[in-house]
Amino acid sequence: MAKRKKDDEYRTFQDEWTEEFAFVERAGSAVCLICNDKIASMKRSNVKRHFDTRHATFASKYPAGDSRKKACQELLSRVQATQQHLRVWTRQGDYNSASFAGSLAIVRNGKPFTDGEYAKTFMLDVANELFDDLPNKDKIIKRIQDMPLSARTVHDRTVMMATQVEETQVKDINAAPFFSLALDESTDVSHLSQFSVIARYAAGDTLREESLAVLPIKGSTRGEDLFKSFMEFAREKNLPMDKLLSVCTDGAPCMVGKNKGFVALLREHESRPILSFHCILHQEALCAQMCDGQLGEVMSLVVRVINFIVARALNDRQFKTLLDEVGNNYHGLLLHSNVRWLSRGKVLSRFAACLNEIRTFLEMKGIEHPELAETEWLLKFYYLVDMTEHLNQLNVKMQGIGNTVLSLQHAVFAFENKLELFIMDLETGRLLHFEKVRQFKDACTASEPTKNFDLKQLAGFTSSLLQSFKARFGEFREHTRLFKFITHPNECSLNADDLSYIPAVSVRDFELIIQTWNALPVTYDTLKRVSIAVLTMFGSTYSCEQSFSHLKNIKSNLRSRLTDESLNACMKLNLTKYQPDYKAISKSMQHQKSH
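Residues numbered from 1 in each chain as written. Predicted model: local features only at pLDDT ≥ 70, side-chain atom pairs only at ≥ 80, totals over all residues. Heavy atoms only, no water.

Under an unreviewed UniProt entry, the name given to the protein chain is SPIN-DOC-like zinc-finger domain-containing protein, and the source organism is Kryptolebias marmoratus.

And the structure:
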């Protein structure tokens, strides 16, 4: 018993060690006041050995006795003063939280990490003038100076906040009954393929649409490569793949290939049906091209004329001068781009607004395009202007975050009904929905009353467009009954195929519920699951296209060497609707001033 008591004494800190060996107790360990090293095993022999071997100079300078006791007390007082200063400094302001807030603002505005120092300089210059009349101006300036905002600090803060947001996303997806994905792939400024993964899921009463990751694809971008990259990410983040309901893609072969496409490999891996949608915006854009035959010739001439004027610097300057001289509201023409959804309509509209000036300019240059004065060509041209305007309105209506498959489907089906009305409008010659055609027709009739216009040909063009719409959007038509459940649950008749995509929903229970609809509470589980399932589905890859716009701004020519980790963190903080809780992160960190 006496031996155990003696051992316990030697394993607890003894006050005399402070005066003999310059050690203090801190958090259950013996800490040296001279070098700040810790001694894990709190024994006198260990403390003495450290002092004798590491601080022999101190021992010889201050021999055992009053001189060493005084020197050790001075060291202790100095350490305590430093700790007190740190506590006061911490109470004065949370510099870590301030640097997190600054880092978040820098990233969300698409600025490089190095702009942290510029932001700090900006704040100091402004504060020096703005708070000049305040008595505590020096304190304000000092706090700004002490706030860490170096490039390394901004980078580290960004990664930490992105990690926290990602953890919250994964946690909410695991708690949700289902989730769906929108997937697309694009190439960045350094020719690296980036695979955008967007998820939609219900978090409580909120339907969230979040960017899970932008996965770099180093080699080829076949379906197998995209699938492998995604599954590695899903396993690493513990995504509940059994809850995956549907996938929306751009319809590329690597995504929807019958045997080796991403969707086919995903269905094979999960061994169950998974809904697949071809982005409704991409399908609408394909219908909107309308460049076959005669309309294609009209568009081709418009593009040639625009390229002649805009693509040559001298011509462009001279044409802009002409527009200014005649008082045109526009200051130039727009170049056409096939990959931009609204480009065709905007280009044609601007061309129509500047048509008289274009004719004058071509005449000045000695370029002959007699079609620009022919009635037949102009009739087709103005028809294209009006129709592409209608198509652009449809496209804009379907853009945006949060659109459900039901709203997108309704927009397309409503436009098909409009096309039938347009055909009737052209056949009767009223032209109520074709303003440019009507104005052109009225102007020609005023000068030549007997002039005939082949409006039936325009009706034929519209009929072909309607058939193009009818031939597309197959998956949206196929699952109309399922989508209809949201608005008319008591009228829809879903079968086993419709419900096979929704986990944990039985056909028998669903039919029983529909038969007794009015007698059931709104919180009935099966109804909730079917409703949430439909609302969760993506109908377009608009979110992916939006993420690529952010990617282009973040990883620009000036930041082409941005690492994958940094890019992913910047993208996540730019796209997420979650607000990073950087105060919680700050509390778990050591408070540091700027050096």
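Moving on, there is more to tell.
A.B. asks: Looking at this model, I keep getting lost on the environment of Thr321. Mind explaining?
C.D. replies: Mapped onto the secondary structure, Thr321 falls in helix H15 (residues 313–326). Linking Thr321 and Gly332, residues 11 residues apart in sequence, is a C-alpha distance of 9.2 Å. Polar side-chain contacts of Thr321 include one of 2.9 Å to the backbone oxygen of Arg317. (Helix = DSSP H or I, 4+ residues; strand = E, 2+ residues; numbered from the N terminus. Polar contact = N/O pair within 3.5 Å; in protein donor to acceptor, adjacent residues only side chain to side chain.)

A.B. asks: What am I meant to see in the packing of helix H14 (residues 293–310) against H15 here?
C.D. replies: What describes two packed helices is the angle between their axes and the distance between those same axes. Viewed as axis vectors pointing N to C, H14 and H15 meet at an angle of 95°, and their least axial separation amounts to 6 Å. Considered as vectors, H14 and H15 are oriented roughly perpendicular to each other. From H14, Phe308, Ile309 and Val310 reach across to H15, where they touch Asn315, Asp316 and Phe319. Along the lines of polarity and charge, the residues of the contact of H14 with H15 split into four nonpolar, one polar and one charged. (Axes fitted to C-alpha atoms, helices over the stretch in contact; angles between N-to-C directions. Parallel < 35°, antiparallel > 145°, perpendicular 65-115°, else oblique. Contact = heavy atoms within 4.5 Å. Nonpolar A, V, L, I, M, F, W, Y, C, P; charged D, E, K, R; others polar.)

A.B. asks: What is the right way to read the state of the cysteines from this model?
C.D. replies: Defined simply, a disulfide is a covalent bond joining two cysteines at their sulfur atoms. As enumerated under the stated definition, the model contains zero disulfides in all. Looking at Cys248, it has no disulfide partner, and the nearest cysteine sulfur is the one in Cys279, 5.3 Å off. Not engaged in a disulfide, the cysteine Cys544 finds its nearest cysteine sulfur in Cys248; these two sulfurs lie 7.8 Å apart. On the basis of relative accessible area, Cys544 is assigned to the buried category, the value being 0%. (Disulfide = S-S within 2.5 Å. Buried < 20%, exposed > 50% of the residue type's maximum accessible area, 1.4 Å probe, protein only.)

A.B. asks: Hey, could you run me through the layout of surface pockets in this one?
C.D. replies: One number sums up the size of the largest pocket: a volume of about 1100 Å³. Lining the largest pocket are 35 residues, with Ser337, Val339, Arg340, Trp341 and Glu545 sitting closest to its centre. Breaking the lining of the largest pocket down by element, the ones donating at least two residues are strand S4 (179–187), helix H13 (280–288), helix H16 (343–353), helix H18 (375–398) and helix H27 (542–554). Of all the elements, H27 adds the most residues to the lining of the largest pocket, at seven residues. Split into classes, the residues belonging to the lining of the largest pocket amount to 11 nonpolar, 14 polar and 10 charged. Each of domain 2 (94–278 + 564–594) and domain 3 (286–473) accounts for three or more of the residues forming the lining of the largest pocket. In this structure, the second largest pocket spans a volume of roughly 360 Å³. Lining the second largest pocket are 18 residues; nearest its centre among them are Glu166, Glu236, Lys237, Glu565 and Asn568. (1 Å grid on protein atoms, 1.4 Å probe; cavity = no way out; pocket = protein on both sides within 12 Å on 5 of 7 lines; lining within 4 Å. Points joined across faces, edges and corners; volume = space filled by probe spheres on them. Domains from an automatic or database assignment.)

A.B. asks: How should I be thinking about the nonpolar core in this particular structure?
C.D. replies: When a protein is soluble and globular, its nonpolar side chains tend to lie buried together. Among the nonpolar cores identified, the biggest contains 142 residues, and Phe195, Ile358, Phe381 and Phe469 are the most heavily contacted of them. If one sorts the elements of this core by residue count, H18 sits on top with 12 residues. Two domains each put at least three residues into this core: domain 2 (94–278 + 564–594) and domain 3 (286–473). In this structure Phe195 touches Leu183, Asp184, Glu185, Ala213, Val214, Leu215, Ile217, Leu226, Phe230, Met255 and Phe262, once residues within four positions along its chain are discounted. With 20 residues, the next largest nonpolar core counts Leu33, Met42, Phe58 and Leu75 among its residues. (Core = buried A, V, L, I, M, F, W, Y, C linked by side-chain atoms within 4.5 Å.)

A.B. asks: Honestly, unusual backbone geometry in this entry has me stumped. Any pointers?
C.D. replies: Note: most peptide bonds trans; most residues except glycine with negative phi. The phi dihedral of Asn238 falls on the positive side, at around 60°, and the residue is not glycine. By the element assignment, Asn238 lies in the loop between helix H10 (223–237) and strand S7 (244–249). Assessed through its relative accessible area of 57%, Asn238 is described here as exposed. The backbone of Phe473 sits at a positive phi, close to 60°, despite the residue not being glycine. With respect to the helices and strands, the residue Phe473 is situated in the loop between helix H21 (455–471) and helix H22 (474–478).

A.B. asks: Would you explain the packing of aromatic side chains in this entry?
C.D. replies: Taken as a whole and assessed by the stated rule, the structure comprises 22 aromatic pairs. Aromatic pair Phe100 and Tyr582: ring centres 6.3 Å apart, planes at 5°, arrangement stacked. Of the two residues, Phe100 is situated in helix H6 (residues 95–108) and Tyr582 in helix H29 (residues 582–587); the sequence distance between them amounts to 482 residues. Each of the two residues, Phe100 as well as Tyr582, counts as buried. Note on Phe319 and Phe361: the rings are 5.5 Å apart at their centroids and 80° apart in plane angle, and the pair reads as edge-to-face. (Phe/Tyr/Trp six-rings, centres within 6.5 Å; stacked < 30°, edge-to-face > 60°.)

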